[in-house]
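# Fold and geometry: a report
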Amino acid sequence: SASSHTPTKPSSPTQRPNLTEIRAGSTAAAGVKTMTATQMKAFSLLSGGAAGTISSIITNPLEVIKTQLQSSVQGGFFGI
């Protein structure tokens, strides 16, 4: 019947959803949480910082090697 697929609201905000709600795909059953604007800004700041740190850790040693290779002179062209 159609009523068996309709999600029911919990009687209190702290009550866990029943199996019918989970099957129906209710957002309360899925545990979806939203972020406030302040939380989103903090998350973005931390994510950007982590990404920058990881990229620096990976690229800095490569830049050092590249610079050392460019600085080592093995014959070649000297100045204009």
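Residues numbered from 1 in each chain as written. Predicted model: local features only at pLDDT ≥ 70, side-chain atom pairs only at ≥ 80, totals over all residues. Heavy atoms only, no water.

## Here we look at the overall build of the protein
Test applied: Think of it this way: any DSSP run of H or I at least four residues long counts as a helix, any run of E at least two long counts as a strand, and we number them from the N terminus. Exposure categories follow from relative accessible area, calculated using a 1.4 Å probe and restricted to protein chains: below 20% of the type maximum is buried, above 50% is exposed, and the middle band is partly exposed. Accessible areas in this description were obtained via Shrake-Rupley with a 1.4 Å probe; residue shielding takes into account the shown protein chains only.
Within the protein, the secondary structure is distributed over three helices and zero strands. Reading the protein from its N end, one meets helices and strands in the order α-α-α. With 80 residues in all, the protein has 2% of them scored as buried. Surface summary for the protein: the accessible area is close to 7200 Å², and the carbon and sulfur share equals 63%.

## Some words on the pattern of salt bridges
Which entries qualify depends on this criterion: Should a side-chain nitrogen of Lys or Arg be within 4 Å of a carboxyl oxygen of Asp or Glu, the pair is scored as a salt bridge.
The tally for this structure, following the rule as stated, stands at one salt bridge. Between Lys66 and Glu63 there is a salt bridge, with the nearest N and O atoms lying 3.3 Å from each other. Taken together, the residues Lys66 and Glu63, both in helix 3 (residues 37-71) and three residues apart, mark about one turn of the helix. Assessed through its relative accessible area of 40%, Lys66 is described here as partly exposed. Residue Glu63 is classed as partly exposed on the basis of its relative accessible area of 40%.

## Quick word on helix 3
Put simply, the test is: Every helix has an expected span of 1.5 Å times one less than the residues it contains. Axes are fitted to the seven residues ending at a residue and to the seven starting at it; the angle between these axes is taken as the bend at that residue.
Relative to the 51 Å expected for 35 residues at 1.5 Å per residue, helix 3 spans 49 Å between its end C-alpha atoms, a close match to the ideal helical length. Along helix 3, the largest kink reaches about 30° and is centred on Thr59; proline Pro61 follows within four residues of it.

## Quick notes on a nonpolar patch on the surface
Condition: Patches draw on residues past 30% relative accessible area with no salt bridge. Two like charges within 9 Å are joined, as are two nonpolar side chains (Val, Leu, Ile, Met, Phe, Trp, Tyr) within 5 Å.
A cluster of nonpolar side chains, contributed by Ile54, Ile57, Ile58, Leu62, Ile65 and Leu69, occupies part of the molecular surface with about 640 Å² of accessible area. For Ile57, the position within the fold is in helix 3. On the basis of relative accessible area, Ile57 is assigned to the exposed category, the value being 59%.

Read these as geometric descriptors, not functional statements.
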